[in-house]
Amino acid sequence: MKTRAAVAFEAKKPLEIVELDLEGPKAGEVLVEIMATGICHTDAYTLDGFDSEGIFPSVLGHEGAGVVREVGAGVTSVKPGDHVIPLYTPECRQCKGQPIFHYMGCSTFSNFTVLPEIAVAKIREDAPFQSSCYIGCGVTTGVGAVINTAKVQVGDNVVVFGLGGIGLNVIQGARLAGADKIIGVDINPAREEWGRKFGMTDFLNTKGMSREDTVAAIVQLTDGGADYTFDATGNTEVMRTALEACHRGWGTSIIIGVAEAGKEIATRPFQLVTGRNWRGTAFGGAKGRTDVPKIVDMYMTGKIEIDPMITHVMGLEDINKGFDLMHAGESIRSVVVF
Ligand code: NAD
Ligand code: ZN
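**Points about the overall build of the protein chain**
Scanning the protein chain from terminus to terminus reveals 10 helices and 15 strands. The principal-axis extents of the C-alpha atoms in the protein chain amount to approximately 60 × 40 × 35 Å. Buried residues in the protein chain amount to 55% of all 338 residues. Long-range pairs, those at least 24 residues apart, make up 73% of the contacts in the protein chain with a sequence separation of at least 6. Element-wise, carbon and sulfur atoms account for 52% of the exposed surface of the protein chain, whose accessible area totals about 14,700 Å². Charge centroids of the protein chain, computed over 31 positive and 41 negative side chains, lie 5 Å from each other.

Below is the structure:
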């Protein structure tokens, strides 16, 4: 069959809308009609050539929602007509405790895409595609980092570095967990208003501030250091600041941001010897097929918000505008609808 898709022919070039030949689903695979897809910073990172594993030409996109149109031999967990969210970390349910790695593997910047059965989460049919696609990455990553990875408890102090499409979801996750202080850090002052909408209690604009001054300001606000800090910038300098702003003895810093290829993190070992913890998280530590439908329920019952974060909606032909808005800091999430 044919499908309309936005193709990345090479790094640092705008996407081109072309018609592609698509093979049908083989055994264990499903054909999904993508109805809506978000544009995440990780797509931009690959398109900008910062990803050492990025291959071209390719169809980017990993934050989609759609409808199963056809299934291959042996597929039992979904059927044509089911509403699904593609998963870039599939859940095979055949082995326990062992992660199965899969590089993005979604290609949601295409009207039709073929995915392994284990890489789709079946969701309720009354969830609108335009908002539920964001659960395919940003929402689950941010909320899950707080709930599944950090396991933030009522009364904890939390600091979030980078209030974009991921960081704002860390903020609403912290609110949901009952955190006490929720401190947002960004170099874009316009992000203060955004953070406050989702539960941020304090804002720190660190533009031009040294690491030492940023750490000192956070230590003062949290009475000794944060219980949990989250990097949602992908900047390795920020990752260091986030670690050092943790409370000695127990504070934990969680890396969500994806750094440019070749970048390394550094700190003095004394920071860890004195009991701070440094960890990371992918897709918010979620088990996709099990947890994604639950996050859709949380959205549909009003426990978490998505709609206000979707600042721009566009057709596939305007997809490059979505990347421009992200780079200019003018969008939280752009969503492409088919
Ligand atoms: P975004 O561009 O929407 O937001 C980034 C925010 O960080 C912006 O508000 C920006 O002003 C702020 N920022 C930039 N430099 C800063 C600095 N030095 N100090 C403080 N704030 C700074 O991006 P996003 O879509 O929210 O993605 C954030 C990061 O998370 C990216 O690195 C992305 O690749 C990564 N990511 C990781 C996962 C995962 O599973 N671990 C999933 C999705 C995205
Ligand atoms: Zn993403």
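There's plenty left to go through after this.
**Here's the deal with the nonpolar core**
One finds I135, V152 and F230 to be the most contacted residues of the largest nonpolar core, which totals 55 residues. Sorting the residues of this core by element identifies β4 (64-71), β7 (120-123), α3 (138-150), β8 (158-161), α4 (167-177), β11 (228-231) and α9 (288-300) as the ones contributing at least two each. With 18 residues, the next largest nonpolar core counts A6, L47, I319 and M326 among its residues.

**A closer look at the site of ligand 1**
Lining the immediate environment of ligand 1, one finds 27 residues, of which H41, I166, D186, R191 and F283 sit closest. Residue H41 places a side-chain N or O atom 2.6 Å away from an oxygen atom belonging to ligand 1. Note that an oxygen atom of ligand 1 is positioned 3.0 Å from one of the backbone N or O atoms of V258. Burial of ligand 1 by the surrounding chains reaches 87%, relative to a free accessible area of 880 Å².

**A short note on unusual backbone geometry**
For the bond running from F56 to P57, omega is -5 degrees, close enough to zero to count as cis. Topologically, P57 is positioned in the loop between α1 (41-47) and β4. Phi at D223 takes a positive value of approximately 60 degrees, unusual for a residue other than glycine.

**Things to note about the pattern of salt bridges**
Here the structure, examined in full by the defined rule, presents 16 salt bridges. Between K79 and D82 there is a salt bridge, with its nearest N and O atoms 3.0 Å apart. Residue classification places D82 among the buried positions, given a relative accessible area of 2%. A salt bridge links E305 to R175; the shortest N-O distance between them is 3.1 Å. Taken as a pair, E305 in the loop between α9 and β14 (310-315) and R175 in helix α4 lie far apart in primary sequence, 130 residues in all. Owing to a relative accessible area of 29%, E305 belongs among the partly exposed residues under this scheme.

**Focus: the packing of aromatic side chains**
Scanning the entire structure with this criterion turns up 2 aromatic pairs. Ring centres of Y88 and F283 lie 4.9 Å apart, and the angle between their planes is 55 degrees; this geometry places the pair in the tilted category. With a gap of 195 residues between them, Y88 in the loop between β5 (83-86) and β6 (112-116) and F283 in the loop between β13 (277-280) and α9 connect regions that are remote in the sequence. Here Y88 matches F283 in class, with each residue buried. Ring plane angle 90 degrees and centroid distance 6.2 Å describe the contact between F109 and F323, whose orientation is recorded as edge-to-face. Remark: F323 occurs in helix α10 (residues 319-327) and F109 occurs in the loop between β5 and β6; sequence separation between them is 214 residues. The pair formed by F109 and F323 is uniform in burial state, with each residue classed as buried. A cation over an aromatic ring shows up here: K197 above the ring of W194, its NZ or CZ 4.0 Å from the ring centre.

**Notes on the coordination of the zinc ion (ligand 2)**
When four donors bind a metal tetrahedrally, each ideal donor-metal-donor angle is 109.5 degrees, and when six bind octahedrally, the ideal angles are 90 or 180 degrees. Coordination sphere of the zinc ion (ligand 2), protein contribution only: C40 (SG), H62 (NE2) and C137 (SG), at 2.0 to 2.3 Å. When the donor residues of the zinc ion (ligand 2) are listed from N- to C-terminus, their spacing reads C-x21-H-x74-C. Separated by 97 residues along the polypeptide, C40 in the loop between β3 (29-39) and α1 and C137 in the loop between α2 (129-132) and α3 bring together distant segments of the chain. The exposure classification of C40 matches that of C137, with both residues buried.

**Here's the deal with the domain arrangement of the protein chain**
Domain assignment breaks the protein chain into domain 1 (2-136 + 306-337) and domain 2 (142-281). For domain 1 versus domain 2, the distance between C-alpha centres works out to 28 Å. In this complex, domain 1 contributes 14 residues to the contact, which on the side of domain 2 involves 15 residues. Both sides of the domain 1 and domain 2 interface together cover about 1,100 Å² of buried area, and 67% of this is carbon and sulfur. Our enumeration of links across domain 1 and domain 2 arrives at 0 salt bridges. Split by residue class, the side of domain 1 that touches domain 2 holds 6 nonpolar, 5 polar and 3 charged.

**As for the packing of α3 against α9**
Axes are the key here: two packed helices are described by the angle between their axes and the distance separating the axes. α9 packs onto α3 with a crossing angle of 100 degrees between their chain directions and a minimal axis gap of 11 Å. Put simply, α3 runs roughly perpendicular to α9. Every residue of α9 that contacts α3 at V139, T140, V143 and N148 is listed here: D291, V292, I295 and M298. Here the residues of the contact of α3 with α9 sort into 5 nonpolar, 2 polar and 1 charged.

Cut-off values and rules
Residues numbered from 1 in each chain as written. Chains lettered and ligands numbered in written order. Predicted model: local features only at pLDDT ≥ 70, side-chain atom pairs only at ≥ 80, totals over all residues. Heavy atoms only, no water. Helix = DSSP H or I, 4+ residues; strand = E, 2+ residues; numbered from the N terminus. Buried < 20%, exposed > 50% of the residue type's maximum accessible area, 1.4 Å probe, protein only. Contact = heavy atoms within 4.5 Å. Areas by Shrake-Rupley, 256 points an atom, 1.4 Å probe, with all protein chains shown as cover. Lys, Arg positive; Asp, Glu negative; His and termini not counted. Charge placed at Lys NZ, Arg CZ, Asp CG, Glu CD. Core = buried A, V, L, I, M, F, W, Y, C linked by side-chain atoms within 4.5 Å. Near = heavy atom within 4 Å. Polar contact = N/O pair within 3.5 Å; in protein donor to acceptor, adjacent residues only side chain to side chain. Salt bridge = Lys/Arg side-chain N within 4 Å of Asp/Glu carboxyl O. Phe/Tyr/Trp six-rings, centres within 6.5 Å; stacked < 30°, edge-to-face > 60°. Lys NZ or Arg CZ within 6 Å of the ring centre and 35° of its normal. Donors = N, O, S within 2.8 Å, 3.2 Å for Na, K, Ca; no water. Domains from an automatic or database assignment. Buried area = accessible area lost by both parts, 1.4 Å probe. Nonpolar A, V, L, I, M, F, W, Y, C, P; charged D, E, K, R; others polar. Axes fitted to C-alpha atoms, helices over the stretch in contact; angles between N-to-C directions. Parallel < 35°, antiparallel > 145°, perpendicular 65-115°, else oblique.

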